[in-house]
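# Overview (structure and organization)
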Amino acid sequence: MEDDRIGRNWLAEHMMTRKPNHGPVAAIDRAPQRRFGVVALAAAVALANYAIWGWIGSPIAAPDVVSPRISGVAYAAFGRADAPWVRHTSADTLMAADLKQLAGVTGAIRTYTAAQFPDLPRLAASQGLRLTLGAWLNRDDASSQREIAAAIAAARTHKNIVRLVVGNETVLKDIFTPRELTQHLRRARAASPVPVSTAEPWHVWIKHPELAAEVDFITIHLLPYWEGVGLDTAVEESFERLARVRARFPGKPIVIGEIGYPSRGDVIKRAEPSPAAQAAFVRQFVTRAQHDKLDYFLMEGYDQPWKQHEEGRAGPYWGLFDAARLPKFSFSGPIEPDPYWRAKALGSSAVGLVFLLWFLTRVANLRLRARLAFAAAAQGVLSLATVLITLPLLHYMNPADWVMLALLCATSLVMIAIMLTHLFEFVELFWDGSLQRRFAPQPLPAGVRQPFVSIHLACCNEPPEMVIATIASLTRLDYRAFEVLVVDNNTADAARWQPVRDYVAGLPPQCAQVRFFHLPAWPGFKAGALNYAFSHMDARAEVIAVVDADYVVRPEWLQSLVGHFEDPKVGIVQAPQAHRDWGGQLFRKMMNWEYDGFFRIGMHHRNERDAIIQHGTMTLIRASALRDHGQWSEWCMCEDTELGLRLMRHDLRTVYVDQVMGEGLTPDSFAAFKKQRQRWARGGMQIGRAHWRALFGTGASKDDGTARAAGFASGESVATGASALTLAQRYHFLAGWLPWIGDALHLVFVAAALIWTTGMLASPHWFSYPITLLLLPLAVFCVVKLVIGPLLYWRRVPCSAGGIAGAAIAGMGLSHAIARGVLAGLFGGAGVFQITAKGGDAVPPATVGAWGARVSGMLAPAREELLLLVALWTAIAAVGVTRSTGHVESAVWMVMLGLQSLPYLAALICAVAAALPARSVPAGVRSGARSWGGSRLLQRLSRHI
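In this report, we go over the structure that sits alongside the text. In this text the structure is predicted, and so the values were computed from the model without any measurement. (Residues numbered from 1 in each chain as written. Predicted model: local features only at pLDDT ≥ 70, side-chain atom pairs only at ≥ 80, totals over all residues. Heavy atoms only, no water.)

With that settled, the discussion passes to the nonpolar core. When a protein is soluble and globular, its nonpolar side chains tend to lie buried together. Ranked by internal contacts, the top residues of the largest apolar core, which has 112 residues, are Phe587, Phe670 and Trp893. In terms of residues, this core owes the most to one element, helix α14 (residues 399–430), which gives 14 residues. With 89 residues, the next largest nonpolar core counts Leu120, Val196, Ile220 and Val286 among its residues. (Core = buried A, V, L, I, M, F, W, Y, C linked by side-chain atoms within 4.5 Å. Buried < 20%, exposed > 50% of the residue type's maximum accessible area, 1.4 Å probe, protein only. Helix = DSSP H or I, 4+ residues; strand = E, 2+ residues; numbered from the N terminus.)

Take a look at the structure:
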């Protein structure tokens, strides 16, 4: 109970330091200065954002090429939508335009196929281009023979063909053995009027020197990117490899058949492709090659998007020109890493400026530090969104990429919205002085008539001793004008409800204001019981109070809060939920602090704009509001929240007094904890569906039909009439549901990620690792959540670092349950209200039975999460086993899968923690000296939470 005491003492001190006002704090009118400050701050952030983009896009230095004429260029006659197996562009028209353009930068080209483009030699000759003609070899001998025959025929016909290259990397790709390739080379050399070679990477020539005897010249490929060589040494190492081949084959002519660096692609070891890296490599190499008078072909003339199918992410990006035939860089002057950076900077700065002007003008209560922090963070989020949106400008997207982009964009938009809402909450609450609307207890002055309060206590199949404790606390209230209506509905077990009836019947005469009702079969769940109480309450009732069956309320509850109803516009007065008897068990501590965060953080944030969540306990409601605007909604899983929203729609105000007036019990188990949060998530979606017009537009929810159309069996009418909801109230309700929707999208994304990983492992030609930038929003989102949440807890919730960690794990462990609740609320029917088990005395599953049975029982509440965890970790292991050493994209994907697994790991930890016995029971007493191995460690941990 020491932790209970610490929390209460802190709360008492906290309340003593609060301003004793009963409403918004009056502010000095500084509108002109504030408007100027808003404009200045928004403009400064926009300019800073533009400057940061400029710094990131700063030009890099590279040697200018003295003569832009290069030795030669590799060329494949495929347009943006073309591939060797499909043709959308007229080949002759494309080649004529391409060869004319290439003739402006080079006097020679190298090709790879002779049979597929028979007119190419003639078109090249018309542009004055010398041609090193390729013959494409494969395992189809007939096809290979046709290629060789076409190449020889062309060489005999066209004088601009100066060399033949028979086969391209056939030994490297295990298409032919050196001996098999030799047979093709001998036949070609015997018939060719020009020198003949074959093309292989430099190391293949070193490994198979016998090939050199079968060629007239050696054609080597020098592609340092594929070897993981960084830009800083790529040119130097290329020349070193050339020197090794020269030394191995002295006197043999050597032609560099391919050399270059891609502008995009996966990171391999130290090789990081980028437009700037490609430009710098080409300019450095060409400068040195011109000095050394090398015979080379740059890889390649034009980007080839189809190559992603064959060569992975880097395949499409080797061209000097992009697929639209535009030059990718200049051979002189500074090199810009991103040619679009100015447009991106201007666009993100302009959007940020407009957004910040609007936001900072409307949220006038924020202190300067809070404004600065939010403005900077929001601008960063908008710039991140700009990077995501403009990805198609920089990448050739295949259908799989577009599918992934669509999925990630939808997910990222939700994540960005969640991040902005979290940032707003953080800056408003982290620094003192921003909150203006704060309420303290307001007792009625002496001599003022007490309004009659009807207290409603609904229970269903609850432990009788727990309900009796609640009733006993209500009889001790320091208040005269009240009654208590205990409504037990749908409890079949007489042993559960009769002791409560007998206790009420045995109360002394002065407690005649307590009445008990047993409803054997009653519709509407808790809302139905509360509506029954409403119809049977004393006609004098001016205020209705609702308390859960597990709460022990404090005597001052009513006396401290009913004074707020002196304001006729107040419809609801809410005190926080709080808990007792949680200090001796690890998971109960975790749950307590997880609950506490909302009431110390979220409710204060919402209260600032009169948008609190009404809870079905420790709440006071003006009775006339229920009479005038409808009773509890029996179609909704969260009838309390729905009622609060409905009363706000009718322009009734709410009051949140953050002082503990009563304490309930935490759920009995992790399963009960999940069930409760799943019900809340489902109810939230039901409310959104029923009130969507009021939340998104200006009108009312549709009478009768809305509830029925939303799938609610009752078809009960929701509130009608014009909505008085403010923009801020709408924001808070929608923003409050966003994290739950994010949990649902997380589940969808996990399923997609597992399918995608399976596709990459089973069919790598069709599935590739997502562009790393696509995963950036997810990484930023995880970092923001992992940083902001604990910082706010540290600032606002009176718990230790262990308590913060425990609350974070407990909250994260609910992700799967929330996702199921959201999906059920959006796409399911009315559902069945499930009671959250509290006050039970079940033995934790980790303390009974054989070891296997204990483990099975302990993990049962997290069975689905365990399966997803195993699936994700199996996917990580499979990627790890199959990935190439130094391949960054696969490592990023593994990290992403690991991040996605954290909620399921947290659920597993929660299940284990919930199964541990309370601290008062020494480890091993119930289950033997060798009870579950982690229990002692976790029990030690529990002392610090």
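Each pair of packed helices can be summarised by the angle the axes make with each other and by the distance between the axes. For the pair helix α8 (residues 231–248) and helix α9 (residues 275–292), interaxial distance at closest approach is 10 Å and the crossing angle is 30 degrees. Considering their axes alone, α8 and α9 lie roughly parallel with respect to each other. Here α8 and α9 pass one another in a crossing that is right-handed. Between α8 and α9, the residues in contact are Leu231, Ala234, Val235, Glu236, Ser238 and Phe239 and Ala277, Ala280, Phe281, Gln284, Phe285, Arg288, Ala289 and Asp292, respectively. Its residues assigned to classes, the contact of α8 with α9 shows nine nonpolar, two polar and three charged. (Axes fitted to C-alpha atoms, helices over the stretch in contact; angles between N-to-C directions. Parallel < 35°, antiparallel > 145°, perpendicular 65-115°, else oblique. Left-handed = near helix turned anticlockwise from the far one by under 90°. Contact = heavy atoms within 4.5 Å. Nonpolar A, V, L, I, M, F, W, Y, C, P; charged D, E, K, R; others polar.)

So, about helix α15 (residues 464–475). The end-to-end C-alpha distance of α15, which contains twelve residues, comes to 17 Å, matching closely the 16 Å that a straight helix rising 1.5 Å per residue would cover. Looking at α15, one finds that the buried residues are Pro464, Met466, Val467, Thr470, Ile471, Ala472, Ser473 and Leu474. Residues of α15 that are buried sit in contact with β9 (453–459), β10 (482–489), α16 (494–505), β11 (514–519), β13 (552–553) and α18 (557–561). (Expected span 1.5 Å × (residues − 1).)

Let's shift gears to the side chain of glutamine 900. The topology assignment puts glutamine 900 in helix α31 (residues 888–915). Under the relative-accessibility criterion, glutamine 900 is labelled buried at 2%. There is a polar contact of 3.1 Å between the side chain of glutamine 900 and the side chain of histidine 746. If we ignore the near neighbours within four places in the chain, the residues touching glutamine 900 are His746, Phe749, Val750, Leu778 and Leu872. (Polar contact = N/O pair within 3.5 Å; in protein donor to acceptor, adjacent residues only side chain to side chain.)

This next bit is on the pairing of strand β7 (residues 254–259). Within β7, six of the six residues are buried, which leaves the element mostly enclosed by the surrounding structure. Bridge analysis of β7 against strand β8 (residues 296–298) gives two bridges, and the strand direction is parallel. If you follow isoleucine 256 over to β8, its bridge partner there is tyrosine 296. Handedness of the β-α-β unit built from β7, α9 and β8 comes out right-handed. (Pairing = 2+ DSSP bridges. Right-handed = clockwise from strand over helix to strand, strands pointing away.)

Another point: helix α30 (residues 863–882). Taking 1.5 Å of rise per residue, 20 residues should cover 28 Å, and α30 covers 29 Å from first to last C-alpha, within 8% of that figure. Elements that come into contact with the buried residues of α30 comprise α22 (670–690), α25 (727–762), α28 (815–827) and α31.

Taken together, Val783, Leu786, Val787, Leu791 and Trp794 make up a surface patch of nonpolar side chains, about 480 Å² in accessible area. Tracing the chain through its elements places tryptophan 794 in helix α26 (residues 776–796). (Patch = residues over 30% accessible without salt bridge, like charges linked within 9 Å, V, L, I, M, F, W, Y side chains within 5 Å. Areas by Shrake-Rupley, 256 points an atom, 1.4 Å probe, with all protein chains shown as cover. Salt bridge = Lys/Arg side-chain N within 4 Å of Asp/Glu carboxyl O.)

With that out of the way, let us pick up the packing of α30 against α31. Interhelical geometry of α30 versus α31 gives an angle of 160 degrees and a closest axis separation of 9 Å. Put simply, α30 runs roughly antiparallel to α31. Considering how the two elements wind past one another, α30 and α31 form a crossing that is left-handed. Across the interface between the two elements, Glu865, Leu866, Leu868, Leu869, Leu872, Trp873, Ala875, Ile876, Val879 and Gly880 of α30 pack against Ser890, Trp893, Met894, Leu897, Gly898, Gln900, Ser901, Tyr904, Leu905, Ala907 and Leu908 of α31.

Moving on, we get to the pattern of salt bridges. Scanning the model with the defined rule gives 35 salt bridges in all. Across the salt bridge formed by aspartate 658 and arginine 600, the nearest N and O atoms sit 2.3 Å from each other. Taken together, the positions of aspartate 658 in the loop between β16 (653–656) and β17 (662–663) and arginine 600 in helix α19 (residues 586–607) put the pair 58 residues apart, joining distant regions of the chain. Arginine 600 matches aspartate 658 in its accessibility class, with the two residues each being buried.

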